[in-house]
Amino acid sequence: MRPIWAGVVVTVTALGLSACSGAHEQVREHTTARTRPAGRPTAGVDVPSLLNLSFDEMSQRVGPSQPLPAGFSDPTVAPMPQHNAPLDSMALFRRSGVALVVAYDYKTRRVNDLLLLGNNENELMSRANLQLGADRYLVLPVFRAHQPTELMGLRVLTTALNQ
């Protein structure tokens with residue numbers, strides 16, 4: 001009777017191990033495809049694709065520029081009053097619910113940086129198709145000058161030296 005009992009133990013152990021090994025299950029490949037979470041806004045502007053455009057190319061892609069709102073002041077781009085240094089040219093673009101202030105050099109038409117206006121960082125990142133830690137650009141928060149705890153928007157700067 002002992003050899004039968006040993007055979008049963010070996011058979012049960014073998015069945016138990018094969019049941020837990022996953023060998024009989026279908027192979028499932030794990031994908032890293034990113035999907036948009038439910039409720040995330042789909043309208044927006046692909047800001048990374050705009051970073052290396054001139055002001056005129058941006059106007060063609062995004063639409064006609066608009067004047068800045070009355071009293072608009074970018075707290076990080078202020079003229080130096082002691083030198084009477086002028087600000088570079090700035091224009092406002094609106095597209096798909098995104099307000100975008102573009103600072104550019106009037107003579108060369110080269111875009112210096114983009115400022116997305118809004119007070120919700122996550123929504124701005126989503127609507128502008130931006131990712132933190134991207135290689136091609138840097139995203140910086142911009143706070144209001146007279147309310148330094150309130151977000152004014154996000155500044156996007158290209159990181160390429162030759163751009």
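Look up: the structure comes first, before these words.
All values reported here derive from a predicted model rather than from experimental measurement.

Quick look at the overall build of the protein now. When you go through the protein residue by residue, the secondary structure sums to 3 helices and 5 strands. The linear arrangement of helices and strands in the protein, starting from the amino end, is α-α-β-β-β-α-β-β.

Here we come to the packing of aromatic side chains. One pass over the full model with this rule turns up 2 aromatic pairs. Ring centres of Phe55 and Phe93 lie 5.7 Å apart, and the angle between their planes is 55°; on these two criteria the pair is classed as tilted. Placement of the pair is Phe55 in helix α2 (residues 55–62) and Phe93 in strand β1 (residues 89–95), with a sequence separation of 38 residues. As far as the burial class goes, Phe55 and Phe93 line up, both buried. Geometrically, the ring pair formed by Phe55 and Tyr104 is stacked, given 3.9 Å between the ring centres and 15° between the ring planes. Taken together, the residues span a long stretch of sequence, with Phe55 in helix α2 and Tyr104 in strand β2 (residues 98–104) at a distance of 49 residues. Here the two residues Phe55 and Tyr104 agree in accessibility, since each one is buried.

Counting 25 residues, the largest nonpolar core has Val102, Leu114, Leu116 and Leu130 as its most contacted members. Secondary structure elements with two or more residues in this core: α2, β1, β2, β3 (111–117), α3 (121–127), β4 (137–143) and β5 (151–158). Ranked by residue count, the leading element in this core is β2, at 4 residues. Not counting residues within four places of it along the chain, the set of residues in contact with Leu130 comprises Val47, Pro48, Leu116, Met125, Tyr137, Val139 and Val156. With 8 residues, the next largest nonpolar core counts Met90, Leu92, Val101 and Ala103 among its residues.

A few words now on the pattern of salt bridges. Pairing of side chains with opposite charge becomes possible as their charged atoms draw close. Going through the model one piece at a time under the given rule, you end up with 5 salt bridges. We note a salt bridge from Asp74 to Arg155, for which the minimum N-O separation is 2.6 Å. Remark: Arg155 occurs in strand β5 and Asp74 occurs in the loop between α2 and β1; sequence separation between them is 81 residues. We classify Arg155 as buried; its relative accessible area is 6%. A salt bridge links Glu150 to Arg144, with the shortest nitrogen-to-oxygen separation between them at 3.0 Å. Overlapping salt bridges bring together Asp74, Asp113 and Arg155 as one network.

The next point concerns the sheet that holds β5. Read across the sheet, 5 strands follow the order β1-β2-β3-β5-β4 without closing on themselves; strand pairing throughout is antiparallel. Whereas interior strands pair on both sides, the edge strands pair on one side only; in this sheet they are β1 and β4. Each adjacent strand pair in this sheet contributes to an overall mean axis angle of 25°, direction not counted. Where β2 meets β3, 6 bridges bridge the pair, whose relative direction is antiparallel. Its bridge partner lying in β3, Val102 is registered against Leu114. Where α2 meets the sheet, its contacts fall on β1, β2 and β3, and the angle it forms with β1 comes to roughly 15°.

This paragraph deals with α2. Those residues of α2 lying buried are Phe55, Met58 and Val62. Buried positions in α2, seen along its axis, are confined to an arc of 55° and lie on one side of it. Here the buried face of α2 lies against β1, β2 and β3. Just downstream of α2, Gly63 is the residue with a positive phi angle, here 125°.

Thresholds, definitions, all that
Residues numbered from 1 in each chain as written. Predicted model: local features only at pLDDT ≥ 70, side-chain atom pairs only at ≥ 80, totals over all residues. Heavy atoms only, no water. Helix = DSSP H or I, 4+ residues; strand = E, 2+ residues; numbered from the N terminus. Phe/Tyr/Trp six-rings, centres within 6.5 Å; stacked < 30°, edge-to-face > 60°. Buried < 20%, exposed > 50% of the residue type's maximum accessible area, 1.4 Å probe, protein only. Core = buried A, V, L, I, M, F, W, Y, C linked by side-chain atoms within 4.5 Å. Contact = heavy atoms within 4.5 Å. Salt bridge = Lys/Arg side-chain N within 4 Å of Asp/Glu carboxyl O. Pairing = 2+ DSSP bridges. Axes fitted to C-alpha atoms, helices over the stretch in contact; angles between N-to-C directions. Arc of directions from axis to C-beta.

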